[in-house]
Amino acid sequence: MDTSAVLLKGPKDLDVDTLALTAPGAGDLVVEVTHSGISTGTEKLFWSGDMPPFPGMGYPLVPGYEAAGEVVEAGVLTGFKPGDRVFVPGSNCFEGAFGLFGGAAKTLVTNSERVTRIDPKLGAEGALLALAATARHAMAGMNKAVPDLIVGHGVLGRLLARLTIASGAPAPKVWEIDPARRAGAQGYEVLHPDDDERRDYRSIYDASGQGSLLNDLVGRIAKGGEIVLAGFYSAPLSFAFPPAFMKEARFRVAAEWTREDLAATRALVECGALRLDGLITHTRPAADARAAYEQAFTDGACLKMILDWEH
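S.K.: Would you mind going over the pattern of salt bridges with me for this structure?
M.R.: Pairing between side chains becomes possible if they bear opposite charge and their charged atoms approach one another. According to the stated counting rule, one finds 16 salt bridges in the structure shown. Of the charged contacts, one joins Asp84 and Lys81 as a salt bridge, the two residues approaching to 3.0 Å between their closest N and O atoms. Overall, Asp84 belongs to the buried group, its relative accessible area being 8%. With a shortest N-O distance of 2.6 Å, Asp200 and Arg198 are connected by a salt bridge. Relative accessible area serves as the criterion here: at 31%, Arg198 is assigned to the partly exposed category. Each member of the salt-bridge network shares a partner with another, and the members are Asp148, Arg198, Asp200 and Arg202.

Here it is, written out as C-alpha cells:
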C-alpha cells in the first residue's frame, strides 16, 4: 500500500509526498485518517531544526502524533472492526522515512495496542486527545499538586486549567502576555504577569516552553513550592541558586502521557467533565500542509492547526 503523507526532509523543507506502507499483520489496524494535529512544541523544533538530539530522530521524517480516523482493516488479533473511530498517536509504518511521530498521513498501519477508541461525535477534536492526556499526566498521580498558576494560555495551558476545574480544585490563575490569547477562558482568570502581585503560589505549571522564566517563577512560589516544567525546552535550563535555596523550591519535569492517561482523559471527555471545544482555531486541507505548518508555528492567533485529510 501507498499513502499520502507529510514529509519533513529537513528544516523548513516540508511537503506532501507518497510513501510506501509496511504490510499489516494479525495484530495491526489500517486506519484512514480524517484529521491530524500540528504540535507547536516538539514538531516545531523539528521543523525549525532546533530539536536537540532525541532517540529515533532523523530526516526524512513523517511528523504528527495527533491523528483521528476510522479503521478500514482490522487484523484477527486486534479486537477492532472496520468502522471503529479511533485516535492514533502516530505510527512507524513508512518505508524510507523515520516514523518517530508518523501520524500526519492519509493512511496508517499501526499495532492495535497503540490505538484508542473515541466517540465519532468528536470529529476533528478527537485529534486533541494526546495533548489532553499530556496535560492530565502532568497533574495526576501520587505526590502531584494541581496548579494554582499556569504560565501560557495556549492549548496546553487551557487544557491544564480545564482539568484543574474538572478535578474539583479551585480555578487557577493563568498568565498570558499576548492580548489576543487572553480570550477563551472557561471559569478561570487570565491576566498579564505584571498585573499579578501574588508571590505565594504552591504549584506553578509552565506551559510556555520559555526556560528564561524560571527565575521569575521562583520568585512567585511560596516556601517549598513547586515549579512544573510542562513544556518542551530546546536549550539547557538554568536558574539562580540563592533565591531557589531560600524558597526551598522544587522542580518537576512532566513527561509524555501513558495509556492510562489516554483512557482516563477519554472518559472525562465522554462524560462531559472535560470539553475540547474552542481549541481548534485553524483547519486546512492536508494538501496545503506546507502553508499549514508554517502558519501553525508563526501565527500567534493560531492556537491549534488541524490538517483535514477527509476533504
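S.K.: How should the packing of helix α2 (residues 129-139) against helix α6 (residues 259-270) be read in this particular structure?
M.R.: Two quantities define a packed helix pair, namely the angle between the axes and the distance from one axis to the other. It is the contact of α2 with α6, at a shortest axis distance of 8 Å, that shows an interaxial angle of 105°. As judged from the angle between their axes, α2 and α6 are roughly perpendicular. For the pair α2 and α6, contact is made by Leu129, Ala130, Ala132, Ala133, Arg136 and His137 and by Glu260, Asp261, Leu262, Ala264, Thr265 and Arg266, respectively. When the residues that make up the contact of α2 with α6 are grouped by side-chain class, the tally is 6 nonpolar, 2 polar and 4 charged.

S.K.: Just to check I follow, could you spell out the pairing of strand β15 (residues 305-308) for this structure?
M.R.: It is a general feature of regular strands that their side chains alternate between the two faces of the sheet. Residues Met305 and Leu307 point to one face of β15 and Ile306 and Asp308 to the other, with burial holding for every one of them. The sheet contact formed by strand β3 (residues 28-37) and β15 spans 3 bridges and is antiparallel. Residue pairing across strands places Gly37 opposite Ile306, the latter belonging to β15. Note: strand β14 (residues 282-285) against β15, 4 bridges, orientation parallel. Looking at β15, one finds that Arg284 is bridged to Leu307. Handedness of the β-α-β unit built from β14, helix α7 (residues 289-298) and β15 comes out right-handed.

Rules and cut-offs
Residues numbered from 1 in each chain as written. Predicted model: local features only at pLDDT ≥ 70, side-chain atom pairs only at ≥ 80, totals over all residues. Heavy atoms only, no water. Salt bridge = Lys/Arg side-chain N within 4 Å of Asp/Glu carboxyl O. Buried < 20%, exposed > 50% of the residue type's maximum accessible area, 1.4 Å probe, protein only. Axes fitted to C-alpha atoms, helices over the stretch in contact; angles between N-to-C directions. Helix = DSSP H or I, 4+ residues; strand = E, 2+ residues; numbered from the N terminus. Parallel < 35°, antiparallel > 145°, perpendicular 65-115°, else oblique. Contact = heavy atoms within 4.5 Å. Nonpolar A, V, L, I, M, F, W, Y, C, P; charged D, E, K, R; others polar. Pairing = 2+ DSSP bridges. Right-handed = clockwise from strand over helix to strand, strands pointing away.

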